[in-house]
Amino acid sequence: IPVLLKDNIDTSDQMQTSAGSLAMIGQPAAQDAFIVQRLRAAGAVILGKTNLSEWANVRDLSIPAGWSGRGGQTKNPHVLSETPCGSSSGSGAAVAAGFAPLAVGTETSGSIICPAALNGVVGLRPTAGLLSRSGIIPVTYKTDTPGPMTRTVREAALLLNAMTGNDDDEPVKKPQSVRDVDYTQWLQPNALAGRRIGYPVKFDTGIE
């Protein structure tokens, strides 16, 4: 199954890991990030890297979401003039456009869930530390985490299954090891049956 990776996740092949910056182009990574090792072991084909907000949106907050010096401007495939949102915008847009069924993003604060919402895909932000951050260009290990971006909730659970594991090189040590968990066991097909979903007609964020 082809999987796309955000361009801040190491792969030990000819693909660059640049965080969207031309300054990082050159020698490829020496080894796969831990989550990439897990994906390859599960049979995934790493199809390519996706664009992102350069340096995961810490270069300059005035730069549009989804823009990088290396990749240019990511487009929302549903409405090209609208924002793709968040630094994992390339992963969200790629799944929405059908380039691959599965992608991996990373989040410090909203960088998975925002592009998932605005591109109309499923995004899951795991608890920080559940998935290894080794081999991923960091912003802060306090909140950084990779996470799945997929077409369906079931696919997100399966992708999470494949990436979970114990990594001795994880920068922040967990108090206990990660046990083998099948996250699909908690999926409930009728979980929304009979539910009512509301949304504000006007929502003032206070942000200009």
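Described in the following lines is the structure provided in the data block. (Residues numbered from 1 in each chain as written. Predicted model: local features only at pLDDT ≥ 70, side-chain atom pairs only at ≥ 80, totals over all residues. Heavy atoms only, no water.)

With respect to the state of the cysteines
1) Next: According to the stated counting rule, one finds one disulfide in the structure shown.
2) Next: With a sulfur-sulfur separation of 1.6 Å, Cys-85 is cross-linked through a disulfide to Cys-114. Between Cys-85 and Cys-114 the sulfur-sulfur dihedral comes to about 90 degrees; the bridge is accordingly right-handed. Taken together, the residues Cys-85 in the loop between strand E4 (72-73) and helix H3 (89-97) and Cys-114 in helix H4 (residues 113-119) connect sequence positions 29 residues apart.
3) Next: The exposure class assigned to Cys-85 is buried, which follows from its relative accessible area of 11%. (Disulfide = S-S within 2.5 Å. Helix = DSSP H or I, 4+ residues; strand = E, 2+ residues; numbered from the N terminus. Buried < 20%, exposed > 50% of the residue type's maximum accessible area, 1.4 Å probe, protein only.)

Thoughts on the packing of helix H1 (residues 34-41) against helix H5 (residues 153-163)
In a pair of packed helices, the angle between the axes and the distance between the axes together describe the arrangement.
1) Next: Between H1 and H5, the shortest axis-to-axis distance is 7 Å and the interhelical angle comes to 110 degrees. Of the possible angle classes, the one that applies to H1 and H5 is roughly perpendicular. Here H1 contributes Phe-34, Ile-35, Arg-38 and Leu-39 to the contact with H5, which in turn contributes Leu-159, Asn-161, Ala-162 and Met-163. (Axes fitted to C-alpha atoms, helices over the stretch in contact; angles between N-to-C directions. Parallel < 35°, antiparallel > 145°, perpendicular 65-115°, else oblique. Contact = heavy atoms within 4.5 Å.)

Focus on the side chain of Glu-170
1) Next: Looking at the secondary structure, you find Glu-170 in the segment after H5.
2) Next: Within the local environment of Glu-170, its side chain forms a polar contact with the backbone nitrogen of Arg-133, the two atoms lying 2.7 Å apart.
3) Next: Not counting residues up to four positions away in its chain, the partners in contact with Glu-170 are Leu-131, Ser-132, Arg-133 and Ser-134. (Polar contact = N/O pair within 3.5 Å; in protein donor to acceptor, adjacent residues only side chain to side chain.)

Let's talk about the nonpolar core
1) Next: With 19 residues, the main nonpolar core has Leu-5, Ile-9, Ile-35, Leu-39 and Val-104 as its most contacted residues.
2) Next: Of all the secondary-structure elements, those providing two or more residues to this core are strand E1 (2-6), H1, strand E5 (102-107) and H5.
3) Next: Excluding residues that lie within four positions of it along the chain, Ile-9 makes contacts with Thr-17, Ala-33, Ile-35, Val-36, Lys-49, Val-104, Thr-106, Gly-135 and Ile-136.
4) Next: Membership of the second largest hydrophobic core comes to nine residues, among which are Val-95, Ala-103, Ile-112 and Ala-116. (Core = buried A, V, L, I, M, F, W, Y, C linked by side-chain atoms within 4.5 Å.)

Remarks on the pattern of salt bridges
1) Next: Overall, the coordinates contain seven salt bridges when judged by the stated rule.
2) Next: Of the charged contacts, one joins Glu-170 and Arg-133 as a salt bridge, the two residues approaching to 2.7 Å between their closest N and O atoms. Linking Glu-170 in the segment after H5 with Arg-133 in the loop between strand E6 (122-123) and strand E7 (145-150), this pair joins segments that are 37 residues apart in sequence.
3) Next: Across the salt bridge formed by Arg-151 and Glu-155, the nearest N and O atoms sit 2.6 Å from each other.
4) Next: Using a relative accessible area of 17% as the deciding quantity, one classes Glu-155 as buried.
5) Next: Through salt bridges with shared partners, one network takes in Asp-13, Asp-32 and Arg-40. (Salt bridge = Lys/Arg side-chain N within 4 Å of Asp/Glu carboxyl O.)

Some remarks on the pairing of E1
1) Next: Burial of E1 is extensive: four of the five residues sit out of reach of the surface.
2) Next: Here E1 pairs with strand E2 (residues 45-50) via five bridges, running parallel. Following the sheet pairing, Lys-6 is matched in E2 by Thr-50.
3) Next: Read from E1 through H1 to E2, the crossover connection turns out right-handed. (Pairing = 2+ DSSP bridges. Right-handed = clockwise from strand over helix to strand, strands pointing away.)

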